[in-house]
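Chain by chain, the residues run as shown.
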Amino acid sequence: MSTPTIDEANPHSAALDAAESGKVELITVTLRIRRFNPEEHPDAVWVDYQLTVDPKERVLDAINRVKWEQDGTLTYRRSCAHGVCGSDAMRINGKNRLACKTLIKDVNPEKPITIEAIKGMTVLKDLVVDMDPFFQAYRDVMPFLITKGNAPTRERIQSEEDVQRFEDTTKCILCAACTSSCPVFWNDGQYFGPAAIVNAHRFIFDSRDEGAEQRLEILNDREGVWRCRTTFNCTDACPRGIEVTKAIQEVKRALITRRY
Ligand code: SF4
Ligand code: F3S
Ligand code: FES
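The rules behind these values
- Residues numbered from 1 in each chain as written.
- Chains lettered and ligands numbered in written order.
- Predicted model: local features only at pLDDT ≥ 70, side-chain atom pairs only at ≥ 80, totals over all residues.
- Heavy atoms only, no water.
- UniProt positions renumbered as here; feature names shortened; annotations may be inferred.
- Axes fitted to C-alpha atoms, helices over the stretch in contact; angles between N-to-C directions.
- Helix = DSSP H or I, 4+ residues; strand = E, 2+ residues; numbered from the N terminus.
- Parallel < 35°, antiparallel > 145°, perpendicular 65-115°, else oblique.
- Left-handed = near helix turned anticlockwise from the far one by under 90°.
- Contact = heavy atoms within 4.5 Å.
- Nonpolar A, V, L, I, M, F, W, Y, C, P; charged D, E, K, R; others polar.
- Near = heavy atom within 4 Å.
- Salt bridge = Lys/Arg side-chain N within 4 Å of Asp/Glu carboxyl O.
- Buried < 20%, exposed > 50% of the residue type's maximum accessible area, 1.4 Å probe, protein only.
- Polar contact = N/O pair within 3.5 Å; in protein donor to acceptor, adjacent residues only side chain to side chain.

The chain goes by Succinate dehydrogenase iron-sulfur subunit in an unreviewed UniProt entry, where it is assigned to Streptacidiphilus jiangxiensis. A UniProt comment under Pathway (unreviewed entry) is attached to the chain, and it reads "Carbohydrate metabolism; tricarboxylic acid cycle."

So this is what it looks like as structure tokens:
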């Protein structure tokens, strides 16, 4: 099978074909994108791009078309285009979302659709932020199974109830939509942030793990779990529907009771 060219991969071709066959009604939208290139100008500027789209296309499709058809210098992260890799979190009309999971028809396309980088992290260029501190906080909570003693001779058995205690937090795709929507994180970039706590939760409540005490001590830090003010922005922002605030509350409770 031959590798598809950009034109073949371009979803607009499919949209136009469908429109020509009378199956969809195309609309004209304006993407208002906050552009920033520190090599050219110290300040960010809003730039409008107009294009014709199928309202059932995703915002990522429209951004791709701006890059492919209007301005190849537009810089952003994306990979899977299916809500799995977590690389295209951005602020769309002021709300954190994955561009690949957001339909144009759902973001009020009658008005300019604003698109900007997620907040609280250093913008490197256009929609690309420095994710290093985010991933450092993730590494700091030791997001891996810790066991002691010899390896067992058979698999570690868990009951349905055991799995339910941490199953929700296994769904995290590390998109940073939660952490970058948290007002505490905006004001203090040292806060571990909800994503790191979610990934600590995933192991603290896993009955096979023996590193819960270490992780709880890390989150007992002044920049740890007690900084959370229960504002729920993180839960609202999570594209995986994880109950982020509830997970944070469970970690707080475990710190008080030392039961997990
Ligand atoms: Fe993204 Fe949700 Fe994981 Fe936060 S908890 S990083 S919003 S998937
Ligand atoms: Fe921030 Fe979520 Fe707590 S938005 S304050 S981590 S509930
Ligand atoms: Fe992978 Fe959107 S591009 S989650």
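Visitor: Help me get a handle on the packing of helix H7 (residues 194–204) against helix H8 (residues 212–219), residues and values and all.
Guide: Geometrically, a packed helix pair is captured by the angle between its two axes and the distance between the axes. Packing of H7 against H8 leaves a shortest axis separation of 9 Å and a crossing angle of 155°. Classified by the angle their axes make, H7 and H8 are roughly antiparallel. Crossing angle aside, the handedness with which H7 passes H8 is left-handed. Counted together, Ile197, Ala200, Phe203 and Ile204 of H7 and Ala212, Arg215, Leu216 and Leu219 of H8 form the full contact between these two elements. Split into classes, the residues belonging to the contact of H7 with H8 amount to seven nonpolar, no polar and one charged.

Visitor: Please provide a residue-by-residue account of the site of ligand 1, values included.
Guide: By nearness alone, 13 residues border ligand 1, and Cys172, Cys175, Ala176, Cys178 and Cys238 come closest of all. Classifying every residue of the shell around ligand 1 by side-chain character gives twelve nonpolar, no polar and one charged.

Visitor: Pulling in residues and values, what's your account of the environment of Val244?
Guide: Within the fold, Val244 resides in helix H10 (residues 244–257). Between the alpha carbons of Val244 and Ala117 there is a distance of 22 Å; along the sequence they are 127 residues apart.

Visitor: Tell me what's going on with the pattern of salt bridges, and back it up with residues and numbers.
Guide: Inspection of every chain in the model, using the stated rule, returns 18 salt bridges. For Arg227, the salt bridge identified is with Asp188, shortest N-O distance 2.4 Å. One end of the pair, Arg227, is in the loop between H8 and helix H9 (233–237); the other, Asp188, is in the loop between helix H6 (183–187) and H7, with 39 residues separating them in the sequence. By relative accessible area, which is 22% here, Arg227 ends up partly exposed. Two residues, Arg258 and Glu217, come together in a salt bridge whose shortest N-O distance is 2.7 Å. Of this pair, Arg258 sits in the segment after H10 while Glu217 sits in helix H8, and the two are 41 residues apart along the sequence. Overall, the relative accessible area of 43% leaves Glu217 in the partly exposed class. Where salt bridges share partners, they join Asp188, Arg222, Glu223 and Arg227 into one cluster.

Visitor: Residues and numbers for unusual backbone geometry, please.
Guide: Of note in this structure, Ala176 is not a glycine but carries a positive phi near 75°. Examined against the element boundaries, Ala176 turns out to sit in the loop between helix H5 (160–164) and H6. By relative accessible area, which is 1% here, Ala176 ends up buried. Phi is positive for Phe232, which is not a glycine, with a value near 70°.

Visitor: Which residues make up the side chain of Asp188, and what are the values?
Guide: On the basis of relative accessible area, Asp188 is assigned to the buried category, the value being 15%. At 2.4 Å, the side chain of Asp188 forms a polar contact with the side chain of Arg227. Ignoring anything within four residues of it in the chain, the contact list for Asp188 reads Glu223 and Arg227.

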